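Coordinate inspection notes
These are the residues of each chain, in order.
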Amino acid sequence: MKMRSLLPLVVLSFFVHAEAETTKPNVIVIMADDMGYGDLSCYGANQFETPNIDQLAAEGQRFTNGYCSASTCTPTRYSFLTGTYAFREKGTGIAPPSSPLIIPHETHTIADMFQSVGYQTAVVGKWHLGLGGEEGPQWNADLKPGPLEIGFDYSFLLPTTNDRVPQVYVENHRVLNLDPADPLWVGMKKPDDDHPTGITHRDTLKMDWTHGHNATIHNGISRIGFYTGGHAARFRDEDLADKWVEQSNAWIEKNKDEPFFLFFASHDLHVPRIPHERFQGATPLGFRADSIVQLDWCVGELMKTLDRLEIADDTLVIFCSDNGPVMDDGYADEALEKLKDHRAAGPFTGGKYSVYEGGTRTPFITRWKGTIKPGVSDEVVSTIDIYGSLAALTEAEIPKDAALDTFDVSGAMFGKAGAKGRSEFVQQDNGGKGNFGFRSGDWKLVRHDKKKARNTVVEQKLDNVAVPQFQLFDLKLDPGEETDVLESNLEVAGKMKARLAEIIKAGRTRP
Ligand code: NG6
Ligand code: CA
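Fair warning: this is a prediction, and the values are worked out from it, not measured in the lab.

**So, the coordination of the calcium ion (ligand 2)**
Note on metal geometry: ideal angles are 109.5 degrees for four donors arranged tetrahedrally and 90 or 180 degrees for six donors arranged octahedrally. Coordination of the calcium ion (ligand 2) by the protein comes from D33 (OD), D34 (OD), D322 (OD), D322 (OD) and N323 (OD1), over a distance range of 2.2 to 2.8 Å. One can describe the donor arrangement at the calcium ion (ligand 2) as irregular, given that its 6 donor atoms subtend angles of 51 to 171 degrees at the metal. Each donor residue of the calcium ion (ligand 2) belongs to the same chain, with the gaps between them written as D-D-x287-D-N. Note that D33 is positioned in the loop between β1 (26-32) and α1 (51-59) and D322 in the loop between β12 (315-321) and α6 (357-360), a separation of 289 residues in sequence. Accessibility classification places D33 together with D322 in one group, the buried group.

Next up, the structure:
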């Protein structure tokens, strides 16, 4: 292992190799999109294989109580990068195509934290946190503020999510390969009466839409929002995964001698699920599972690079997801029809958009060869605690007014015997205004202020079912949240309601 710490070397006695070694490992966070707890073979999927991610799990810690903080993309990514619960900030719900950057540029992010202790930092893949100032993204000029203004040295992005326009890459401040003679226009209104859409040209689509997603057509797929121009810059959906791997590998290679932090933000398995042709049909479950296999391939390629550069022992890899699973998220890709016995949320209730466990209890794996002891952990860890845990490991200081809800659970995250994860944790849905899950020990309080819950049964496409405002579950006895035990545990429920309200009101939980 190379020695490259700037600080005096610290001996972390719980690690497998107790000799003095760097506490500044490279860090790669691989975030899957819309992947549920049961979507990997190491988490029980048995209709297809994910050998590369399974290998990560076998060589590291696989968590059975790993979470993302929200059940949609933007708030989970917001809280992962800022260390603050997204429900505290307005405008942190699913970002529209022309959203300005939703993280104020003065915010101290996880990327700033890494920079402060000498890391090179990059984000490659789906962003979906907006670009530009109040006036929104300036697609034909500098797209800033963006990742470069909040702590990243390099970015190579899909600016929104691929069911939203536009289908172009953004490298640092610029749309890649944009021809100034063919400017890119993006908007939410049809630019002219003849503009072909998923409604007017539905019979030309290579994948039909089921709800929303019927505006501008690109690559035979209609999307949310409208755009014109920028033709030379447009990509094919089929090529996204290859591009993320190519860009990431090149960046890792270039930065292999520095400590580096890479946020690998995969678009798989978000809709439209259009894996590369070589993965189409890789599973009997259709494009949803084919996209999982594609992501597994990406992970394998990144790990090969670490091996080739002989930096696998110097690199902490964290695999996680941004929210739980969904079947029909707007396109007719047969995810539901071909599901068979596959349980995308594993044993849990709910999926994407839900504050039941299936919305946020997701795969979570940490591997750091030679340092993290392989095993399975039942400790509670979350994407929001990557910030606090890595700050502790690298001895970075977090400013008092930043990262208001992140905790140092590095002991648990890196598999230290006896180390505890979180004792309490708030889960939110998209808006985080009135729907919460609140876990305290093995108790789970569920709050739906409007008494409506979404995507409660992923496999049946049930939307908006009526639920009581409060429910209480004992996750130890009832991980599937099937039996509401609130009436027989009024005291516990009362305390948890009050504590949840206090957490929301206090504005922070980090001391
Ligand atoms: C919803 C979209 C859904 C998906 C989601 C964001 C409709 C009807 N539904 O509004 O398809 O894009 O937003 O997903 O438009 S996320 O994983 O990026 O949060
Ligand atoms: Ca997502």
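**Side note on the site of ligand 1**
Not every one of the 17 residues close to ligand 1 is listed here, only the nearest: C73, D163, R164, D329 and K352. Within the side chain of K126, a nitrogen or oxygen atom sits 3.1 Å from an oxygen atom of ligand 1. Within the side chain of H213, an N or O atom sits 2.9 Å from an oxygen atom of ligand 1. Taken together, the residues of the shell around ligand 1 sort by class into 4 nonpolar, 6 polar and 7 charged.

**Observations concerning the environment of R278**
Structurally, the position occupied by R278 is in the loop between β11 (260-265) and α5 (287-308). Along the backbone, R278 and E238 are 40 residues apart, and their C-alpha atoms lie at a distance of 9.4 Å. R278 has contacts with D242 and W297, leaving out every residue within four places of it along the chain. Among the polar contacts made by the side chain of R278, one reaches the side chain of D242 at a distance of 2.7 Å.

**Re unusual backbone geometry**
At the junction of K144 and P145, the peptide bond is cis and its omega measures out at 5 degrees in the coordinates. Residue placement: P145 occurs in the loop between β3 (120-126) and β4 (154-158). Of the consecutive residues D268 and L269, the connecting peptide bond is found in the cis state with omega at 5 degrees. Along the chain, the position of L269 falls in the loop between β11 and α5. Notably, H128 is not glycine yet its phi reads approximately 60 degrees, a positive angle. Along the chain, H128 turns up in the loop between β3 and β4.

**Here we look at the confidence of the model for the protein**
Mean pLDDT over the protein: 95, with 96% of residues reaching 70 or higher. Confidence over residues 1-21 falls short of pLDDT 50; this stretch has 51 contacts with residues more than four positions distant or in other chains.

**So, the domain arrangement of the protein**
By the assigned domains, the protein splits into domain 1 (26-178 + 228-413) and domain 2 (424-506). Using C-alpha coordinates to define each centre, domain 1 is positioned 26 Å away from domain 2. Contacts between the two partners involve 39 residues from domain 1, matched on the other side by 32 residues from domain 2. Regarding the contact of domain 1 and domain 2, the summed buried area is about 2900 Å², with carbon and sulfur atoms giving 55% of it. On the domain 1 side of the contact with domain 2, F87, V355 and Y356 bury the most area, a combined 29% of that side's loss. Applying the counting rule to domain 1 against domain 2 returns 2 salt bridges. Among the salt bridges present, the one from R343 reaches E459, with a minimum N-O distance of 3.5 Å. Taken together, domain 1 and domain 2 are joined by 22 residue pairs in polar contact (both at pLDDT 80 or more).

Reading guide: rules and limits
Residues numbered from 1 in each chain as written. Chains lettered and ligands numbered in written order. Predicted model: local features only at pLDDT ≥ 70, side-chain atom pairs only at ≥ 80, totals over all residues. Heavy atoms only, no water. Donors = N, O, S within 2.8 Å, 3.2 Å for Na, K, Ca; no water. Tetrahedral: all angles 85-135°; square planar, octahedral: opposite > 155°, others 65-115°. Helix = DSSP H or I, 4+ residues; strand = E, 2+ residues; numbered from the N terminus. Buried < 20%, exposed > 50% of the residue type's maximum accessible area, 1.4 Å probe, protein only. Near = heavy atom within 4 Å. Polar contact = N/O pair within 3.5 Å; in protein donor to acceptor, adjacent residues only side chain to side chain. Nonpolar A, V, L, I, M, F, W, Y, C, P; charged D, E, K, R; others polar. Contact = heavy atoms within 4.5 Å. pLDDT = per-residue confidence, 0-100. Domains from an automatic or database assignment. Buried area = accessible area lost by both parts, 1.4 Å probe. Salt bridge = Lys/Arg side-chain N within 4 Å of Asp/Glu carboxyl O.

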